[in-house]
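# Structure assessment
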Number of protein chains: 2
Amino acid sequence: MSISKKASALVLQSGGPTAVINQSLHGVVVASRDYAKIDRVLGAYHGLHGLLHENLIDLTQIDGERWKQIAACPGAALGSARLKPKKSDLDRVFEVFKAHNIQYVFYNGGNDSAEAAQLIRAEANARGVEIGILHIPKTIDNDLMETDHCPGFGSAARVASLLAAGDDLDNMSFYNGVKINIAMGRHTGWIAAGSALARHCFGDELENAAPHLVYFPEVKFNETSFLNDVQRTYDRLGRVTLVVSEGIADQFTGDAFVGNEKDEFGNPLFSGSGRLGDYLVHIVEKNLKIKSELGKLRARADTWGYMQRSILGITSENDAKDAFRVGADAVGYMMAGKSDSMVTIVRKSSEPYACQTSLCDLALVAQKTRYLPEEFMNSAKNGVSDAFLQYAAPLVGRLPAAQTLPVNLSEKRLSEYKR
Amino acid sequence: MSISKKASALVLQSGGPTAVINQSLHGVVVASRDYAKIDRVLGAYHGLHGLLHENLIDLTQIDGERWKQIAACPGAALGSARLKPKKSDLDRVFEVFKAHNIQYVFYNGGNDSAEAAQLIRAEANARGVEIGILHIPKTIDNDLMETDHCPGFGSAARVASLLAAGDDLDNMSFYNGVKINIAMGRHTGWIAAGSALARHCFGDELENAAPHLVYFPEVKFNETSFLNDVQRTYDRLGRVTLVVSEGIADQFTGDAFVGNEKDEFGNPLFSGSGRLGDYLVHIVEKNLKIKSELGKLRARADTWGYMQRSILGITSENDAKDAFRVGADAVGYMMAGKSDSMVTIVRKSSEPYACQTSLCDLALVAQKTRYLPEEFMNSAKNGVSDAFLQYAAPLVGRLPAAQTLPVNLSEKRLSEYKR
């Protein structure tokens with residue numbers, strides 16, 4: 001690729017938003033200022049939809065203070081979309097490129113957008129059009145190949161950690177029961193695993209630290225093993241706080257769910273609802289006959305849902321920096337004539353945390369999924385390994401302490417009480 | 001009450017934890033140091049259960065740094081309970097008081113604990129035992145009479161606001177659909193109302209600011225009005241982000257729920273599950289036939305659940321201060337011979353925020369509920385009034401900006417595209 005005249009850059013945001021996707025957008029805008037060859041940065045309003053309908057926003061017109069606030073916000077500021085370019089769309093895409101003098105394209109998304117970028121790339125080659133296209137990684141799911149981690153994951157794992165740590169403080173102080181949390185992750189267990197950073201909040205109390213059990217879609221879910229795990233943990237601690245990837249739902253057949261194959265609405269089971277949590281509560285309450293001193297066993301579930309990527313005000317600092325970096329470095333690569341690739345993150349060191357970016361071929365990323373590897377699970381595959389905690393700690397960032405009161409009971413002066 | 005010798009103080013935490021309940025505990029411990037008449041502060045491990053079983057922790061043995069960390073944590077550090085003293089328990093209660101020289105009792109809880117405090121008070125009177133007892137208010141539900149607000153509410157409303165603001169950024173950037181959030185509040189709409197502080201995050205964009213609709217248990221829920229509200233808001237904004245109190249679930253009969261009176265587990269509907277959200281999604285998708293440019297209508301629900309009181313690291317600063325204050329001031333009142341009451345918060349000013357404490361009779365609080373008053377709702381009763389926003393703003397504290405990108409589309413250069 002060699003483009004000599006001034007041209008416009010275009011950014012598209014695609015797929016589910018993250019807490020730091022706008023950092024990458026800001027990174028592109030800021031870095032572009034250093035290159036006279038980029039006359040302006042356009043944003044496609046709602047991704048490919050905006051590109052096809054020529055809904056373009058000039059991002060160079062927005063002032064710096066507003067940019068800082070936008071960058072700090074969750075949600076895709078440009079608007080996102082989940083469209084895949086059809087063959088018939090490609091003519092239009094190149095018409096819009098030509099009409100707006102767009103020669104640098106930055107596609108910010110997950111493995112689906114990597115595929116979209118590939119399609120546009122192939123079409124440009126076929127047409128002999130000079131277009132630089134780079135994919136900027138983004139996904140809370142952390143499931144892209146070839147990169148140490150994905151911008152967005154650290155913040156989602158941070159939210160999950162704060163939820164798990166606080167939830168266990170709540171459980172130990174009130175329920176003393178089985179508290180189930182459903183984490184995002186349809187195909188991979190990265191976020192559920194990320195919640196295990198909560199263990200670092202508990203400091204000295206690490207042996208009892210939550211989450212006590214974590215279940216991943218990568219591991220076949222077995223109800224009997226699950227119930228045994230819960231029973232054993234309850235017997236040891238008098239409570240269980242656990243995290244389950246929503247993705248394990250796909251392993252249930254309809255039969256597992258009390259004979260119903262669909263819910264009352266005619267929808268398939270579990271997805272995007274509270275039903276997986278409700279089901280796990282049901283099997284725990286039905287099968288574990290635990291009566292604690294404080295009353296009968298209580299099992300409850302929360303489905304963390306969209307807040308894992310969207311709660312305002314919780315971002316991991318390193319995640320925000322990495323997201324900005326992949327955006328900014330993408331511009332540098334593009335201007336150096338390196339294109340047709342995804343920007344990857346290469347970790348140089350974990351303590352202190354240091355990384356740099358590199359590039360990889362789009363074909364190595366498009367439509368591929370990076371699963372949570374076995375070495376990041378414990379031997380029973382119902383929790384994480386130390387290697388995972390070391391990997392994820394700098395991505396999640398320093399967490400507040402979940403401090404507990406030492407339970408040193410005063411000497412008793414009376415006989416036992418039977419209520 | 002006049003107690004001349006040295007005696008011990010006892011603190012009980014009762015009912016559901018809050019983000020700042022440990023601030024009140026810390027307040028009692030710190031203020032007690034100023035009074036030589038209090039030889040030590042004991043905590044009942046798991047409330048009344050701990051008191052009956054003589055499970056007492058000497059709180060004066062814990063160092064200051066650890067106290068600060070505990071105070072900053074959600075969850076009831078002493079352990080909570082939901083027991084009501086039976087007539088037969090009262091003998092034991094007074095045995096324990098005597099055995100441990102407990103003459104000052106601080107009961108930290110909601111309206112149920114106010115009732116428990118009342119029962120112990122009445123028994124002490126009947127026995128002629130010198131016991132001072134004060135109730136320290138605590139509840140995320142903000143539903144205690146006689147106090148401007150309850151410690152715990154501000155932080156829960158802060159979490160709800162951050163969730164609602166971030167959720168709308170997510171909705172506008174991705175879904176452009178109907179996003180339903182279920183807030184805590186079985187009988188009152190205070191937390192759902194509190195989520196409306198999210199509006200302050202949106203600054204200039206206030207007209208379109210989320211949550212766009214809020215539903216309270218205090219108002220009879222009407223499905224037709226609800227669907228009309230959603231449709232009207234969707235027509236105006238192209239999305240709807242709304243918050244519903246879980247308490248409205250109690251207004252549904254089984255018939256409303258597609259003919260089922262109980263769920264598959266044989267449980268009553270809705271409570272402690274994702275089912276209310278799932279049901280509202282169902283009626284929205286069934287009744288609203290909206291097709292946006294970006295595809296067919298998407299409706300989704302999140303049930304915020306326990307995180308509203310338990311996520312680690314989110315507290316309102318004023319809420320934390322108020323919680324400490326009611327604990328510390330309780331000790332002062334007790335030592336001044338004022339007892340048999342609940343500590344209340346009296347607001348002196350909202351801007352700048354200033355309050356002080358006072359006392360009220362336990363009978364005015366026990367078993368009573370403070371509902372969200374009409375003047376805190378908008379005229380359609382599907383949102384809050386300015387008066388509520390002014391009331392709640394200092395309790396929730398300053399919120400981060402939910403900044404959006406101005407959608408100024410560049411001039412189009414091509415004809416319209418039909419996909």
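From a predicted model like this one, the values you see are computed outputs, not experimental measurements. (Residues numbered from 1 in each chain as written. Chains lettered and ligands numbered in written order. Predicted model: local features only at pLDDT ≥ 70, side-chain atom pairs only at ≥ 80, totals over all residues. Heavy atoms only, no water.)

### Some thoughts on the overall build of chain A
Each helix and strand in chain A was counted, giving 12 helices and 13 strands. Structurally, chain A occupies a C-alpha span of about 90 × 50 × 35 Å along its principal axes. Within chain A, contacts between residues at least 6 apart in sequence are counted, and of these 77% link residues at least 24 apart. Total accessible area on chain A is roughly 15,600 Å²; 46% of this is exposed by carbon and sulfur atoms. Distance between charge centres in chain A, computed from 46 positive and 49 negative side chains, equals 2 Å. (Helix = DSSP H or I, 4+ residues; strand = E, 2+ residues; numbered from the N terminus. Contact = heavy atoms within 4.5 Å. Areas by Shrake-Rupley, 256 points an atom, 1.4 Å probe, with all protein chains shown as cover. Lys, Arg positive; Asp, Glu negative; His and termini not counted. Charge placed at Lys NZ, Arg CZ, Asp CG, Glu CD.)

### So, the nonpolar core
Counting 162 residues, the largest nonpolar core has Leu-59, Phe-106 and Phe-388 of chain A together with Leu-59, Phe-106 and Phe-388 of chain B as its most contacted members. The contact partners of Phe-106 of chain A, leaving out residues within four places of it in the chain, are Ala-9, Leu-10, Val-11, Leu-12, Val-28, Leu-134, Ile-136, Ala-330, Val-331 and Met-334 of chain A. (Core = buried A, V, L, I, M, F, W, Y, C linked by side-chain atoms within 4.5 Å. Buried < 20%, exposed > 50% of the residue type's maximum accessible area, 1.4 Å probe, protein only.)

### A few points about the side chain of Asp-302 of chain A
Tracing the backbone shows Asp-302 of chain A in strand E11 (residues 299-303). At a separation of 2.8 Å, a polar atom in the side chain of Asp-302 of chain A contacts the side chain of Lys-179 of chain A. At 3.1 Å, the side chain of Asp-302 of chain A and the backbone nitrogen of Tyr-306 of chain B are in polar contact. Once residues lying within four places of it in the same chain are set aside, the contact partners of Asp-302 of chain A are Asp-167, Lys-179, Ile-180, Asn-181 and Ile-182 of chain A together with Gly-305, Tyr-306 and Met-307 of chain B. (Polar contact = N/O pair within 3.5 Å; in protein donor to acceptor, adjacent residues only side chain to side chain.)

### Focus: the sheet that holds strand E13 (residues 353-361) of chain A
All names here are of chain A. In spatial order, the strands read E3-E2-E1-E4-E5-E12-E13; together these 7 strands make up an open sheet with mixed pairing. A single partner strand is all that each edge strand has here, and the edge strands are strand E3 (56-58) and E13. Sheet twist, expressed as the average angle between the axes of neighbouring strands with direction ignored, equals 30°. In the sheet, strand E2 (residues 38-44) pairs with E3 via 3 bridges, with the strands oriented antiparallel. (Pairing = 2+ DSSP bridges. Axes fitted to C-alpha atoms, helices over the stretch in contact; angles between N-to-C directions.)

### Description of the pairing of strand E4 (residues 102-109) of chain B
On a regular strand, each side chain points to the face opposite its neighbour's, so the side chains alternate between the two faces of the sheet. All names here are of chain B. The element E4 is largely enclosed, with a buried count of 8 among its 8 residues. Sheet analysis places strand E1 (residues 7-13) next to E4, joined by 6 bridges and oriented parallel. Within the sheet, the bridge partner assigned to Gln-13 lies in E4 and is Asn-108. Taken together, the 6 bridges between E4 and strand E5 (residues 132-137) define a ladder with parallel strand orientation.

### Some points on helix H11 (residues 317-335) of chain A
In this model H11 of chain A runs 28 Å from its N-terminal to its C-terminal C-alpha over 19 residues, within 8% of the 27 Å that 1.5 Å per residue would give. Directly beyond the C-terminal end of H11 of chain A, a positive phi value near 85° is found at Gly-337 of chain A. (Expected span 1.5 Å × (residues − 1).)

### Notes on the confidence of the model for chain A
Residues and elements named next belong to chain A. Per-residue pLDDT for chain A has a mean of 91; in total, 93% of the residues score no lower than 70. Here residues 254-269 scores under 50 on pLDDT; set against residues more than four positions off or in separate chains, the count is 37 contacts. On the interface metric, ipTM, the complex scores 0.95, and its pTM is 0.95. (pLDDT = per-residue confidence, 0-100.)

### Description of the relation of the copies chain A and chain B
Between the two copies, chain A and chain B, the superposition gives an RMSD of 0.0 Å; the rotation angle is 180° and the shift along the axis is 0.0 Å. Both copies are brought into coincidence by an operation consistent with a two-fold rotation axis. Judged by C-alpha distance, Gly-274 of chain A is the residue of chain A that lies nearest the rotation axis, at 2.0 Å. When you check the interface residues of chain A against chain B, 100% turn up at the interface there too, and the contact is symmetric in its surfaces. (Least-squares fit on C-alpha atoms with pLDDT ≥ 70 in both.)

### Some thoughts on the interface of chain A and chain B
On the side of chain B, 103 residues touch chain A, which itself brings 103 residues to the contact. Of the roughly 8,800 Å² buried between chain A and chain B on both sides combined, carbon and sulfur atoms contribute 58%. Its largest share of buried area at the contact with chain B, chain A owes to Leu-405, Tyr-417 and Arg-419 of chain A, together 10% of the area lost on that side. Here chain A and chain B share 4 salt bridges between them. The partner of Asp-89 of chain B in a salt bridge is Arg-419 of chain A, and the shortest N-O contact between them spans 2.7 Å. Taken together, the connections running from chain A to chain B amount to 38 residue pairs in polar contact (both at pLDDT 80 or more). (Buried area = accessible area lost by both parts, 1.4 Å probe. Salt bridge = Lys/Arg side-chain N within 4 Å of Asp/Glu carboxyl O.)

### Some remarks on the environment of Arg-239 of chain B
Residue and element names in this part refer to chain B. Secondary-structure assignment places Arg-239 in the loop between helix H8 (223-237) and strand E8 (240-245). Separated by 150 residues in sequence, Arg-239 and Leu-389 place their C-alpha atoms 23 Å apart. If we ignore the near neighbours within four places in the chain, the residues touching Arg-239 are Asp-168, Asn-171, Met-172, Asn-176, Gly-177, Asn-208, His-212, Thr-233 and Tyr-234. In this structure the side chain of Arg-239 is engaged in a polar contact, spanning 2.8 Å, whose partner is the side chain of Asp-168.

### Concerning the packing of aromatic side chains
Residue and element names in this part refer to chain B. A full pass over the atoms with the stated rule returns 22 aromatic pairs over all chains. Taking the centre distance of 6.4 Å and the plane angle of 45° together, the rings of Trp-190 and Phe-388 count as tilted. Within this pair, whereas Trp-190 is found in helix H7 (residues 190-194), its partner Phe-388 is found in helix H12 (residues 386-396), the two being separated by 198 residues in sequence. Neither Trp-190 nor Phe-388 differs from the other in exposure class; each is buried. (Phe/Tyr/Trp six-rings, centres within 6.5 Å; stacked < 30°, edge-to-face > 60°.)

### Observations concerning the pattern of salt bridges
Residues and elements named next belong to chain B. In this structure the tally under the stated criterion is 34 salt bridges over all chains. The partner of Glu-285 in a salt bridge is Arg-300, with the nearest N and O atoms 4.0 Å apart. A residue pair is termed long-range when its members are at least 10 positions apart, and Glu-285 in helix H9 (residues 275-287) and Arg-300 in strand E11 (residues 299-303) qualify at 15 residues. Given a relative accessible area of 30%, Glu-285 falls into the partly exposed group.

### Focus: the environment of Lys-84 of chain B
Looking at where Lys-84 of chain B falls in the secondary structure, it is placed in the loop between helix H3 (64-71) and helix H4 (89-99). A polar contact of 3.0 Å, which involves the side chain of Lys-84 of chain B, links it to the side chain of Glu-115 of chain B.

### Things to note about the sheet that holds strand E6 (residues 178-183) of chain B
All names here are of chain B. Sheet architecture is open: 4 strands sit in the order E7-E8-E6-E11, paired in parallel fashion. Edge strands, defined here as strands with exactly one partner in the open sheet, are strand E7 (213-215) and E11. Looking at each pair of strands side by side, their axes are set apart by 15° on average, direction ignored. Looking at chain direction, E6 and E8 are connected through 6 bridges and run parallel. Across the sheet, the residue bridging to Ala-183 is Ser-245, located in E8. Here helix H6 (residues 153-175) sits on the sheet and contacts E6, E8 and E11; the angle it forms with E8, its principal contact strand, is near 145°.

### With respect to the environment of His-135 of chain A
Residues and elements named next belong to chain A. Note on placement: His-135 falls in strand E5 (residues 132-137). For the pair His-135 and Leu-12, spaced 123 residues apart in sequence, the C-alpha separation works out to 9.7 Å. In this structure His-135 touches Tyr-107, Gly-109, Gly-110, Ser-113, Ala-114, Ser-341, Met-342, Val-343 and Leu-362, once residues within four positions along its chain are discounted. Here the side chain of His-135 touches Gly-109 through a polar contact of 3.3 Å, landing on its backbone oxygen.

### What about unusual backbone geometry?
Of note, the amide linkage connecting Glu-351 of chain A to Pro-352 of chain A takes the cis form, showing an omega dihedral of -5°. Looking at the element boundaries, Pro-352 of chain A is found in the loop between strand E12 (341-350) and E13. With an omega dihedral of -5°, the bond running from Ala-210 of chain B to Pro-211 of chain B counts as a cis peptide bond. Backbone geometry at Lys-381 of chain A places phi at a positive 60°, although glycine is not the residue there. You can see Lys-381 of chain A is positioned in the loop between E13 and helix H12 (386-396). Of the residues examined, Lys-381 of chain A reaches a relative accessible area of 29% and is grouped as partly exposed. The backbone phi angle of Asn-101 of chain B is positive, close to 55°, even though this residue is not glycine. You can see Asn-101 of chain B is positioned in the loop between H4 and E4.

### Some remarks on the packing of helix H8 (residues 223-237) of chain A against helix H9 (residues 275-287) of chain A
Residue and element names in this part refer to chain A. At a minimum axis separation of 11 Å, H8 and H9 run at an interaxial angle of 65°. Between H8 and H9, the crossing angle belongs to the class labelled roughly perpendicular. The handedness of the crossing between H8 and H9 comes out as right-handed. Of the residues in H9, those touching H8 at Glu-223, Phe-226 and Leu-227 are Tyr-279, Leu-280, Ile-283, Val-284 and Asn-287. For the contact of H8 with H9, the per-class residue count stands at 6 nonpolar, 1 polar and 1 charged. (Parallel < 35°, antiparallel > 145°, perpendicular 65-115°, else oblique. Left-handed = near helix turned anticlockwise from the far one by under 90°. Nonpolar A, V, L, I, M, F, W, Y, C, P; charged D, E, K, R; others polar.)

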